[in-house]
Structures are given as C-alpha cells and as structure tokens.
Amino acid sequence: FFLIIPIEYLNFTTREVSTNKVAYDKTFPSIAYGNTVSQQFVPQYDFIKRLEIYVREVKCDVSQGYLQFRILDAGKNSIYEVQVPLEKMASSGWYTVFSDIELIAGETYYLNVDAVETLDDGPGLGFFASIDTASKEEEGQKLTYAGSVMENRNLKVSFEYLKPLYKWDYLAYYLFMIFIIA
C-alpha cells in the first residue's frame, strides 16, 4: 500500500558542506582590544544549517570574556549575533557559531569576530595565507583585521547548508524506494 503525496507538501532537503581547500593554516595573533576580524562572504544557498569557525590556539585567560560573532548585511547592519564564552573554547578546534540561519544566496555578507571583556589577548583564529584556499563563499572576497585589508587571505570556516531536494531528485528517490520495496 502506497500513499502518494503531492511533491509540494513534502519538505525534502539535502546537506552540502563547503569548506576551505587543503593548505597550511596560520593564526591571528589576537583579536582582543577592539581588533575586529571581518570576512566577507557570499552564501551559495539560502539556509545555513551550521556555520563553523576554526580556533587555532587558545593561549589566553578563559575565565572571563567572550567572542562575539556577528553576521552583517551589505549595508553593515547586524542581522545575526551570538556570544560564545571563552571558557567554552578551552582548546583549539572547530566551533559552531551559528545554526539555522537564513540569508539570501548570492548576496554579500560579513562575518565579524570581536573579543569582548577579555582579561588578556583573545584566542587565535585560523586563516589561510593564500586566496587559492578560499571556500566558494570567500572567493574574491576580502578579509580585514583591525581595519586593515589582509591581501590574499581568508578565514578558516565551514558552511553547512540545507538545500532543497529538487523535484527530479525526489522522483528518483521515490522510484528507487518503490524498486527496493517491490
């Protein structure tokens, strides 16, 4: 017994992850004391399931302060903001900073990172010293640190999208399931 549901009522999605290409990464010395790190990016799809950033080293005092992550639109208006306490960043690695956010694919945005209320220098973020390592989102975009453009550099970030499953993909999936069951 099969129940046929019109495709319009189904919400099938698939995941796609976009990251930097493989290369040796480097570290920002510090993002404390108002030295904002800002990476321009252009999302490939409208819905970002998870945006992660790589913290390369944590040599700072983590007992106080936090990293503030903001996504700004092209007019530099803040549209998403999250604060991550430094105590949750006790070691290097990937940290999810945004989940389930909607942006407009093809538009330019900025990912800004600030250290706030830290006792000393903030943690070091990973970046690449070659434009060839840029993710699709960062290609042709600029990275600034403390207001200065860092030529041919990009942050070490990962974008995980939920993108719609196209009707043809859904049809192929549905036919495959009928074949398996039959």
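I will try to describe carefully the structure that is included in this document. (Residues numbered from 1 in each chain as written. Predicted model: local features only at pLDDT ≥ 70, side-chain atom pairs only at ≥ 80, totals over all residues. Heavy atoms only, no water.)

With that settled, consider the nonpolar core. Core analysis: the biggest nonpolar cluster contains 32 residues, and Ile53, Phe69, Ile71, Leu111 and Leu155 have the highest contact counts within it. Elements with a contribution of two residues or more to this core: β3 (37-41), β4 (47-57), β5 (66-72), β7 (93-102), β8 (109-116), β9 (124-128), β10 (143-145) and β13 (157-164). Sequence-distant contacts of isoleucine 71, defined by excluding residues within four places in its chain, comprise Phe41, Leu51, Asn77, Ser78, Ile79, Tyr80, Phe98, Ile101, Leu103, Tyr109, Tyr110 and Leu111. (Core = buried A, V, L, I, M, F, W, Y, C linked by side-chain atoms within 4.5 Å. Buried < 20%, exposed > 50% of the residue type's maximum accessible area, 1.4 Å probe, protein only. Helix = DSSP H or I, 4+ residues; strand = E, 2+ residues; numbered from the N terminus. Contact = heavy atoms within 4.5 Å.)

Turning our eyes to something else, we now look at the packing of aromatic side chains. Here the structure, examined in full by the defined rule, presents 6 aromatic pairs. On the basis of an interplanar angle of 40° and a centroid distance of 5.3 Å, the ring pair of phenylalanine 41 and phenylalanine 159 is categorised as tilted. Taken together, the positions of phenylalanine 41 in strand β3 and phenylalanine 159 in strand β13 put the pair 118 residues apart, joining distant regions of the chain. We classify phenylalanine 159 as buried; its relative accessible area is 1%. Between phenylalanine 159 and tyrosine 161, the aromatic rings sit 6.4 Å apart at their centres with planes inclined by 10°, giving stacked as the arrangement. The exposure class assigned to tyrosine 161 is buried, which follows from its relative accessible area of 0%. Within the aromatic cluster, the residues linked to one another by ring pairs are Phe41, Tyr45, Tyr109, Phe159 and Tyr161. The residue whose ring lies beneath lysine 76 is tyrosine 110, and the NZ or CZ to ring-centre distance is 4.5 Å. Over the face of the ring belonging to tyrosine 54 we find lysine 156, whose NZ or CZ atom lies 4.0 Å from the ring centre. (Phe/Tyr/Trp six-rings, centres within 6.5 Å; stacked < 30°, edge-to-face > 60°. Lys NZ or Arg CZ within 6 Å of the ring centre and 35° of its normal.)

Fair warning: the whole summary comes from geometry, so function is off the table for now.
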